[in-house]
Amino acid sequence: DAGITQSPRHKVTETGTPVTLRCHQTENHRYMYWYRQDPGHGLRLIHYSYGVKDTDKGEVSDGYSVSRSKTEDFLLTLESATSSQTSVYFCAISEGDGNQPQHFGDGTRLSIL
Amino acid sequence: SQKIEQNSEALNIQEGKTATLTCNYTNYSPAYLQWYRQDPGRGPVFLLLIRENEKEKRKERLKVTFDTTLKQSLFHITASQPADSATYLCALDASGGGADGLTFGKGTHLIIQP
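These figures come from a predicted structure and were not determined experimentally.

The rules we used
- Residues numbered from 1 in each chain as written.
- Chains lettered and ligands numbered in written order.
- Predicted model: local features only at pLDDT ≥ 70, side-chain atom pairs only at ≥ 80, totals over all residues.
- Heavy atoms only, no water.
- Disulfide = S-S within 2.5 Å.
- Helix = DSSP H or I, 4+ residues; strand = E, 2+ residues; numbered from the N terminus.
- Contact = heavy atoms within 4.5 Å.
- Buried area = accessible area lost by both parts, 1.4 Å probe.
- Salt bridge = Lys/Arg side-chain N within 4 Å of Asp/Glu carboxyl O.
- Polar contact = N/O pair within 3.5 Å; in protein donor to acceptor, adjacent residues only side chain to side chain.
- Nonpolar A, V, L, I, M, F, W, Y, C, P; charged D, E, K, R; others polar.
- Pairing = 2+ DSSP bridges.
- Axes fitted to C-alpha atoms, helices over the stretch in contact; angles between N-to-C directions.
- Phe/Tyr/Trp six-rings, centres within 6.5 Å; stacked < 30°, edge-to-face > 60°.
- Buried < 20%, exposed > 50% of the residue type's maximum accessible area, 1.4 Å probe, protein only.
- Core = buried A, V, L, I, M, F, W, Y, C linked by side-chain atoms within 4.5 Å.

Tell me about the state of the cysteines, and name the residues and values.
Residues and elements named next belong to chain A. The full count for this structure, using the stated rule, is 2 disulfides over all chains. Bridging Cys23 to Cys91, the disulfide has an S-S length of 1.9 Å. Disulfide Cys23 to Cys91: torsion about the S-S bond roughly -70 degrees, handedness left-handed. Highlighted residues: Cys23 in strand 3 (residues 19-25) and Cys91 in strand 9 (residues 87-94), separated in sequence by 68 residues.

Go over the interface of chain A and chain B with me, naming the residues and quoting the values.
Across the contact, 21 residues belong to chain A and 22 residues belong to chain B. Between chain A and chain B, a total of about 1700 Å² is buried, with carbon and sulfur atoms accounting for 54% of that surface. Put simply, chain A and chain B have 1 salt bridge between them. Note that B:Arg42 is salt-bridged to A:Asp106, the shortest N-O span being 3.0 Å. Connecting chain A to chain B are 7 residue pairs in polar contact (both at pLDDT 80 or more). Among the secondary structure elements, those contributing two or more residues to the side of chain A that touches chain B are strand 4 (31-38) and strand 5 (42-51) of chain A. When the residues that make up the side of chain A that touches chain B are grouped by side-chain class, the tally is 9 nonpolar, 9 polar and 3 charged.

Which residues make up the sheet that holds strand 7 (residues 62-67) of chain B, and what values do they have?
Residue and element names in this part refer to chain B. In space, the 5 strands of this open sheet follow the order 1-3-8-7-6, with antiparallel pairing throughout. Each edge of the sheet is formed by a strand with only one pairing partner; in this case those strands are strand 1 (3-6) and strand 6 (56-59). Recorded for the sheet is a direction-independent mean angle of 15 degrees between the axes of neighbouring strands. By the bridge criterion, 6 bridges tie strand 3 (residues 19-26) to strand 8 (residues 72-77) in an arrangement that is antiparallel. Bridging from a neighbouring strand, Ala19 pairs with Ile77 of strand 8.

Help me get a handle on the sheet that holds strand 3 of chain A, residues and values and all.
For sheets, the rule is that strands pair by backbone hydrogen bonds, running either parallel or antiparallel. Residues and elements named next belong to chain A. Strand order in this open sheet of 4 strands is 1-3-8-7, and the pairing throughout is antiparallel. Either end of the sheet is taken by a strand with one partner, and the two such strands are strand 1 (4-7) and strand 7 (64-70). Each strand of the sheet is rotated relative to its neighbour by a mean of 15 degrees, with strand direction disregarded. Two strands pair when backbone bridges link them, and strand 3 and strand 8 (residues 73-78) are joined in this way by 6 bridges, in the antiparallel orientation. The residue of strand 8 that forms the bridge with His24 is Asp73.

Please provide a residue-by-residue account of the packing of aromatic side chains, values included.
All names here are of chain B. Scanning the model with the defined rule gives 13 aromatic pairs over all chains in all. On the numbers, 5.6 Å between centres and 55 degrees between planes, the contact of Tyr36 with Phe104 is tilted. A residue pair is termed long-range when its members are at least 10 positions apart, and Tyr36 in strand 4 (residues 32-38) and Phe104 in strand 10 (residues 103-104) qualify at 68 residues. Both residues of the pair, Tyr36 and Phe104, count as buried.

So, the nonpolar core: which residues are in play, and what are the values?
Core analysis: the largest hydrophobic core is formed by 23 residues, its most contacted members being B:Leu33, B:Trp35, B:Phe75, B:Tyr88 and B:Leu110. Counting residues per element, the ones that place at least two in this core are strand 3, strand 4, strand 5 (45-51), strand 7, strand 8, strand 9 (86-92) and strand 11 (108-113) of chain B. One finds A:Val19, A:Met32, A:Cys91 and A:Ile112 within the second-largest nonpolar core, a separate group that totals 19 residues.

Quick look at the structure:
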């Protein structure tokens, strides 16, 4: 299995609080992604990174920010969590662009009450 | 608008038969299409990638076809086994080879019955 670790695996928090999810990889892959998965919507891209300090928005980026200060770590921050951000969040890594497979972590289940 | 459609209903197949899953897309011109397997509580696992100039790709009991005229990919599992039961996701590279992530279908839940 690709070396991807997401933390925490589960989190329950209250509306309005800041939340940071961490994705750590040991594969030295250039590309990293954050997706959310919700019933009826499938996986949707939030933000992605194509190198250290190089990030861009995905389909559902509103309310989220990311940072990548090291190759191995990609952080997703919810500045002020809302109930609509209750979801399962997956991090993925890839060696290249769309012609390469993505390898996923096992997700973070986040509940915003 | 751009759309990826997979069988929304669960697909029940008897063990030993061939399971065929469909992925249709509209308003995309993908350079690549990928298939993933997802088990409950786990992240998706990559299975196969097929390029726009490839008609078919095989890996063990798996076969993928890609018809850019019909805008459709078919995913086949031959000699299916109960262990093949999972949700299968198709994903395409919406940017034509760029690095900005994949667009996923909602997945088809496959059940292989003994």
